[in-house]
Amino acid sequence: MFNMNSMLLSSLLILQFVGVSGDKTCAGKEVQDLDDDCTKIEKNPLVFKGNQDEKMVRDKVKNIKHIASGIEVIETDLETFDYLKHVERIQNSNGPAMLFKKNKNLKRLNFTSLGELKGKEKEKDIVFENDHFAKAFREETDSFDDFIKLELIARKSHLRNKVCSNEFYQFNNKKESSDSQTGAIIMIVIAVILTIVDGFLFWYCVKERRAKKAREEKKTNKVMTDVPIGTDFGPRTPASGTTTPSATIETPKDKHI
């Protein structure tokens, strides 16, 4: 009897140990680089970026229950985001608990098991930046219902009284990319114009220099052709380096006294 009780107690301790050791905390990163069998994500956001293999993503996140540094869903073609159906808590003490950015088809947000949604205090719980869901939320009933469900969870998590407070959500429609491209195009156009102007000025200067030289040569030739034949210009100074013939100097003959 004693042995049976001892074995039973040992088995319970082993099961408890296995259950505890089954929890695995991982640092947040892009989902395709995430370790397998993670149950908690912390330190960095869990990032879903671009179009990944659906089966791979679901296998990576199937055991996650708690996300302590938020999630980011960026530039996907998803219409419905439902990868985190088993997650119970999504928090982030450094920023929004959820960020959806540039998802061109996103309409539905499905978090079946979520009971806590909490971003940084006095900041936003969920942010949509240049995201299609911001449009779907205003036009489609299902999208609006998903939004309201998340709002209710966040309100309870923060113990807020106000429905849809400014601290719950934010829609951003930034034009950083287009502004940047416009700026780059303007700079290129200016550079091209300056290059053309510099080329024109160089060509003009060369042309003027040649024209001036031609005018001077023409003026010199005209002066030479206008001089009458036989004109005496008077005594000329010998050119440098020439020898002037010396005159014979006659000395007076010696006078005899």
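Residues numbered from 1 in each chain as written. Predicted model: local features only at pLDDT ≥ 70, side-chain atom pairs only at ≥ 80, totals over all residues. Heavy atoms only, no water.

A. Spotlight on helix α2 (residues 54–61). All of the buried residues along α2 are Val 57, Lys 60 and Val 61. Down the axis of α2, the smallest arc covering the buried residues is 80 degrees, so these residues share one side. Here the buried face of α2 lies against β3 (46–49). (Buried < 20%, exposed > 50% of the residue type's maximum accessible area, 1.4 Å probe, protein only. Helix = DSSP H or I, 4+ residues; strand = E, 2+ residues; numbered from the N terminus. Arc of directions from axis to C-beta. Contact = heavy atoms within 4.5 Å.)

B. Fine view of the pattern of salt bridges. Counting across every chain of the model gives 16 salt bridges. The shortest N-O distance in the salt bridge between Lys 101 and Glu 129 comes to 3.6 Å. In this pair, Lys 101 is assigned in strand β8 (residues 98–101) and Glu 129 in strand β11 (residues 126–129), connecting sequence segments 28 residues apart. Glu 140 is the salt-bridge partner of Lys 107, the closest N and O atoms lying 3.8 Å from each other. Of this pair, Lys 107 sits in the loop between β8 and β9 (108–109) while Glu 140 sits in the loop between α3 (133–139) and α4 (141–158), and the two are 33 residues apart along the sequence. Lys 107 sits in the partly exposed class, given a relative accessible area of 27%. Exposure remark for Glu 140: the relative accessible area of 31% places this residue in the partly exposed category. Each of Glu 54, Arg 58, Asp 82 and Lys 85 takes part in salt bridges that share partners, so that together they form one network. (Salt bridge = Lys/Arg side-chain N within 4 Å of Asp/Glu carboxyl O.)

C. Spatial organisation of the environment of Ala 154. Residue position: Ala 154 is located in helix α4. Along the backbone, Ala 154 and Lys 118 are 36 residues apart, and their C-alpha atoms lie at a distance of 5.9 Å. Filtering out sequence-adjacent residues up to four positions away, Ala 154 remains in contact with Leu 117, Asp 125, Arg 160 and Phe 168.

D. Examining the sheet that holds strand β12 (residues 169–172) more closely. In spatial order, the strands read β3-β5-β8-β11-β12; together these five strands make up an open sheet with parallel pairing. At either margin of the open sheet sits one strand with a lone partner, and together these are β3 and β12. Recorded for the sheet is a direction-independent mean angle of 10 degrees between the axes of neighbouring strands. As paired elements, β8 and β11 share four bridges and run parallel to each other. For Met 98, the partnering residue across the bridge sits in β11 and is Ile 126. (Pairing = 2+ DSSP bridges. Axes fitted to C-alpha atoms, helices over the stretch in contact; angles between N-to-C directions.)

E. Examining the packing of aromatic side chains more closely. Counted by the stated rule, this structure contains 16 aromatic pairs. Ring centres of Phe 48 and Tyr 83 lie 5.8 Å apart, and the angle between their planes is 15 degrees; on these two criteria the pair is classed as stacked. Placement of the pair is Phe 48 in strand β3 and Tyr 83 in the loop between β6 (80–81) and β7 (89–91), with a sequence separation of 35 residues. It is Arg 138 that lies over the ring of Phe 171; its NZ or CZ is 5.0 Å from the centre. (Phe/Tyr/Trp six-rings, centres within 6.5 Å; stacked < 30°, edge-to-face > 60°. Lys NZ or Arg CZ within 6 Å of the ring centre and 35° of its normal.)

F. Examining the sheet that holds strand β1 (residues 25–27) more closely. Strands sit in the order β1-β2-β4-β7-β10 across an open sheet of five strands; the sheet is parallel. Two strands close off the open sheet at either side, each with one partner strand: β1 and β10 (116–118). As paired elements, strand β2 (residues 40–42) and strand β4 (residues 66–67) share two bridges and run parallel to each other. Bridge pairing links Lys 40 to His 66 in β4.

G. Region of the structure containing the side chain of Ser 143. With respect to the helices, strands and loops of the structure, Ser 143 is situated in helix α4. We classify Ser 143 as buried; its relative accessible area is 0%.

H. A look at the nonpolar core. Core analysis: the biggest nonpolar cluster contains 37 residues, and Leu 46, Phe 81 and Phe 111 have the highest contact counts within it. Elements with a minimum of two residues in this core: β3, α2, β5 (71–74), β8, β11, α3 and α4. If sequence neighbours within four positions are ignored, Phe 81 has contacts with Phe 48, Ile 71, Val 73, Phe 100, Leu 106, Arg 108, Leu 109, Asn 110 and Phe 111. (Core = buried A, V, L, I, M, F, W, Y, C linked by side-chain atoms within 4.5 Å.)

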